[in-house]
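A look at the structure
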Amino acid sequence: MTFSRRQFLIAGAAAATCPRIGFSRYETPPGPWLQRLTPAPAEVDLLGAGKATPVWAYNGSVPGPVYRLKLGQRVDTVLENRLNQPTTVHWHGMRVPNGMDGVPVLTQPPINPGGTFRYAFEARNPGTFWYHPHFQSAEQLDRGLHGVIVVEDEHPPQVDRDLVWLLDDWRLDPRGQIVEDFGDLHDVSHQGRIGNTATLNGRVPDTFELKKGERVRLRLLNAANAWIFGLEFKGHTPRVISLDGHAVAPTAPEDGRVVVGPAQRVDIILDGSGNPGDRFEVVDRYYPNRAFKLLDLVYSDTPLRSNVPPPLAALPAPRLSEPDLSNATRHEITFSGGAMGGMGSARFRGEETGIRQLARQGKVWAINGVVASRHDEPPIIQMRLGHSYIIDFINDTAFPHPVHLHGHAMKLLKTGDKELNRTVWRDTLLMAPRTRSTVAMVADNPGKWMLHCHIPEHQEAGMMAVVSVT
Ligand code: C2O
Ligand code: CU
């Protein structure tokens, strides 16, 4: 591809409007680099202060390259492992064939250092998805291995800019280096690894420029291990248009916060309702006593329009198999353990084991009374292909858990005691402590699928299970 001088000027001008955050690469069309994904040690400037932080990165950048795909487009990528430990890639939320799901041992052998694996599948649903390792996730995810997949809508809504906001948190020491206490038992038995530095698209953000009258689609994605983001856009009312990639009726977020749990995605429409020169804060206030300013929305001097465009119509309903509630089989899945969880014992490697002995081996969480020791545990539910299921998830612990099911989307029926008054599909359900949620789904993708807490500290300490569909 050759660039004319003019294209360079346009690219340069676009980059200049977003000086600190580097959004421009988030608008890059797919290029030949998609054919190869190379996780390797790298150095990035997370703080934007010219200080290098050693990380692990896909193709040298954090986040990794964006896959921007058309519906039905094929991904065909060879992963080449340049880490010093095995890895795999999981395509989170993409309903791929089981062999492409990237779960070590369960769906493929781990890719050893120096080894390769070819991932090939089609984009079956529009939406915002992501990719990340599924091997030693607590360390590999946290060191910076993750990237975004955008599958474009067939008829994309009219927006002026369509951007990814990948949120992450890091535990950095005063020199800006990652603190390497992965798997710390306090993190494992409490809320997981919480960082001290938040980044947006791999950089501590400063400002985000907006124009009066402009309409922006922001694809929020939380790649943190455990931090839950709850963003408030002061002076604005964003509309949520899609959750975990699947369209919802446009709605303002409850109590003004856009909540994004680990691994979840929330697409919002942000309208430039301010005036040239205005400044508004974007504040994260999920945790009331740990609220902080993420960045400032800054209005540029030149308006784009005198008014914001009329309200957006809903995106087309997701094309997912509709569960047949009258013929569904019901199951209960209970999450237990952790600090203040009161779990006395659980089954581990086939034997009922006391909590003290479990904790000595770093295992403190269970699903249906079983502490997983590996990715290929015997299935907790054997589903029939094409059959509908209703699942009651019970969080019997003192902590929130983002519960993720591979290969499928789950239709949310109830959270807590609240029936849902709109259609919501999720691949990752954020469950508050001591609550119950009910979902329905059709087992329409054959294979063995992981069901686990997406806080990798919890997952690796036993909070994972397998569901089979045959
Ligand atoms: Cu995003 Cu099993 O993972
Ligand atoms: Cu958890």
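Here, the structure is the one placed above.
Listed as protein donors to the copper ion (ligand 2) are His401 (ND1), Cys453 (SG) and His458 (ND1); their distances from the metal cover 2.0 to 2.1 Å. All donors of the copper ion (ligand 2) belong to a single chain; written as a sequence motif, their spacing is H-x51-C-x4-H. One end of the pair, His401, is in strand β28 (residues 401–405); the other, His458, is in helix α5 (residues 456–460), with 57 residues separating them in the sequence. Side by side, His401 and His458 carry an identical accessibility label, which is buried.

This next bit is on the environment of Met431. In this structure, Met431 sits in strand β32 (residues 428–431). Since its relative accessible area comes to 1%, Met431 is described here as buried. Distance from Met431 to Gly235, taken between C-alpha atoms, is 29 Å for residues 196 residues apart in sequence. Non-local contacts of Met431, meaning those with residues more than four positions away in its chain, are made with Phe335, Phe393, Ile394, Asn395, Phe399, Pro400, His401, Val403, Arg436 and Ser437.

The subject of this paragraph is unusual backbone geometry. Residue Pro63 follows Val62 across a cis peptide bond; omega there is -5°. Within the secondary structure layout, Pro63 lies in the loop between β3 (53–58) and β4 (67–69). You will see that Asn201, though not glycine, has its phi angle at about 50°, which is positive. Here Asn201 lies in the loop between β11 (197–200) and β12 (207–210). Asn201 gets classed as buried once you look at its relative accessible area, which sits at 1%. Of note in the backbone geometry, Asn368 takes a positive phi value of approximately 45° without being a glycine. Mapped onto the secondary structure, Asn368 falls in the loop between β24 (365–367) and β25 (370–371).

Procedures and definitions
- Residues numbered from 1 in each chain as written.
- Chains lettered and ligands numbered in written order.
- Predicted model: local features only at pLDDT ≥ 70, side-chain atom pairs only at ≥ 80, totals over all residues.
- Heavy atoms only, no water.
- Donors = N, O, S within 2.8 Å, 3.2 Å for Na, K, Ca; no water.
- Helix = DSSP H or I, 4+ residues; strand = E, 2+ residues; numbered from the N terminus.
- Buried < 20%, exposed > 50% of the residue type's maximum accessible area, 1.4 Å probe, protein only.
- Contact = heavy atoms within 4.5 Å.

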